[in-house]
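Each chain, letter by letter, is given below.
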Amino acid sequence: MLIESALALIALIAVGMVFTKYTNGEFGSPAVAFSSGIALMFGAEESSVYNTVYALLTLAVSVFALTSLDTGTRLSRFMFTELFLKEGEASWRDATGIRKFLAYPLTGTLIMVVIGCVLGGLSLSQIWGLFGAANQLLAGLALLAVAAWLGNIGRNNKMFYIPMCFMLIATLTSLVMTVYNKIVLIGAGGAAWGDWFQLIFAAAMVVLAVILAIEGIQTLGRQPKQKKA
């Protein structure tokens, strides 16, 4: 999270370096504007230093996108596979019937790739609005999980409480505001498909996050009693 924050600041500075050109539409994509802005910090435009830094950063952005795509596909396939495995079944080999076919790694990978291709063909600007809240909500839930785990093994977990509460409150507030705004927009009759998408997924994330947060808080509340017993 700290590295992400530093990268965000660098990205803002980079865009500021080429803001006029960016608003004039001289860059084909945000990645090009980012690479050009950073390169300008090292040398004048079209200089050897500029061209070298620009090429390396463009390659780095491409590699980041490819590795993120690979990681996302793997994780989604793992989660898809687990939907069809019963308790005690370690892999698809332990499943039977249609569950064995659906839990097979190649099946899950193909289904996730097809879904990704469909989403990739849509307007990302309609989906991107939920990325920040979803990403930081995951961070808040991760802090909650680590706090619960440390409490179960008898370690001090109090240092997680403040950042955990801040992340959960901030992200859930953002998602609730998104749900409210989309409902108002849909009611006014000016909604596109992306607004429906954001409404459904934002509401689902709020419900699931609240359920997990309640269970986690209940777990944390039981831990002092377990220690006394």
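Rules of the game
Residues numbered from 1 in each chain as written. Predicted model: local features only at pLDDT ≥ 70, side-chain atom pairs only at ≥ 80, totals over all residues. Heavy atoms only, no water. Axes fitted to C-alpha atoms, helices over the stretch in contact; angles between N-to-C directions. Helix = DSSP H or I, 4+ residues; strand = E, 2+ residues; numbered from the N terminus. Parallel < 35°, antiparallel > 145°, perpendicular 65-115°, else oblique. Left-handed = near helix turned anticlockwise from the far one by under 90°. Contact = heavy atoms within 4.5 Å. Patch = residues over 30% accessible without salt bridge, like charges linked within 9 Å, V, L, I, M, F, W, Y side chains within 5 Å. Areas by Shrake-Rupley, 256 points an atom, 1.4 Å probe, with all protein chains shown as cover. Salt bridge = Lys/Arg side-chain N within 4 Å of Asp/Glu carboxyl O. Buried < 20%, exposed > 50% of the residue type's maximum accessible area, 1.4 Å probe, protein only. Phe/Tyr/Trp six-rings, centres within 6.5 Å; stacked < 30°, edge-to-face > 60°.

Draft legend 1. Here's a closer look at the packing of helix H8 (residues 131-152) against helix H9 (residues 161-187). The interhelical angle for the contact between H8 and H9, taken along N-to-C directions, is 150 degrees, at an axis separation of 8 Å. Relative to H9, H8 is oriented roughly antiparallel. In this structure, H8 crosses over H9, and the sense of that crossing is left-handed. Within the contact between the two elements, H8 uses Ala133, Gln136, Leu137, Ala139, Gly140, Leu141, Leu143 and Leu144 and H9 uses Pro163, Met164, Met167, Leu168, Thr171, Leu172, Ser174 and Leu175.

Draft legend 2. Focus on a nonpolar patch on the surface. Together, Ile13, Met17, Met41, Phe42 and Val49 make up an exposed nonpolar region whose accessible area comes to about 480 Å². Of all the secondary-structure elements, those providing two or more residues to the nonpolar patch are helix H1 (2-17) and helix H3 (30-42). Relative to the helices and strands, Val49 is located in helix H4 (residues 48-82). The class of Val49 is partly exposed, set by a relative accessible area of 40%.

Draft legend 3. Examining the packing of aromatic side chains more closely. Counted by the stated rule, this structure contains four aromatic pairs. Consider the rings of Phe80 and Phe84, whose centres lie 5.0 Å apart with planes at 65 degrees: the pair is edge-to-face.

Draft legend 4. View of the pattern of salt bridges. Counted under the stated rule, the structure contains three salt bridges. The partner of Asp70 in a salt bridge is Arg74, and the shortest N-O contact between them spans 3.1 Å. Note that Asp70 and Arg74 are positioned in helix H4 at a spacing of four residues, about one turn of the helix. Accessibility expressed as a relative area gives 38% for Asp70, which makes it partly exposed. In this structure, Arg99 and Glu89 form a salt bridge, with 3.0 Å as the shortest nitrogen-oxygen distance. One end of the pair, Arg99, is in helix H5 (residues 97-103); the other, Glu89, is in the loop between H4 and H5, with 10 residues separating them in the sequence. Its relative accessible area of 18% is what places Glu89 among the buried residues.

Draft legend 5. Just the side chain of Ser35, in detail. With respect to the helices and strands, Ser35 occurs in helix H3. Take Ser35: its relative accessible area is 1%, and that puts it in the buried class. When near neighbours in sequence (up to four residues on either side) are disregarded, Ser35 contacts Tyr54, Leu57, Thr58 and Val61.

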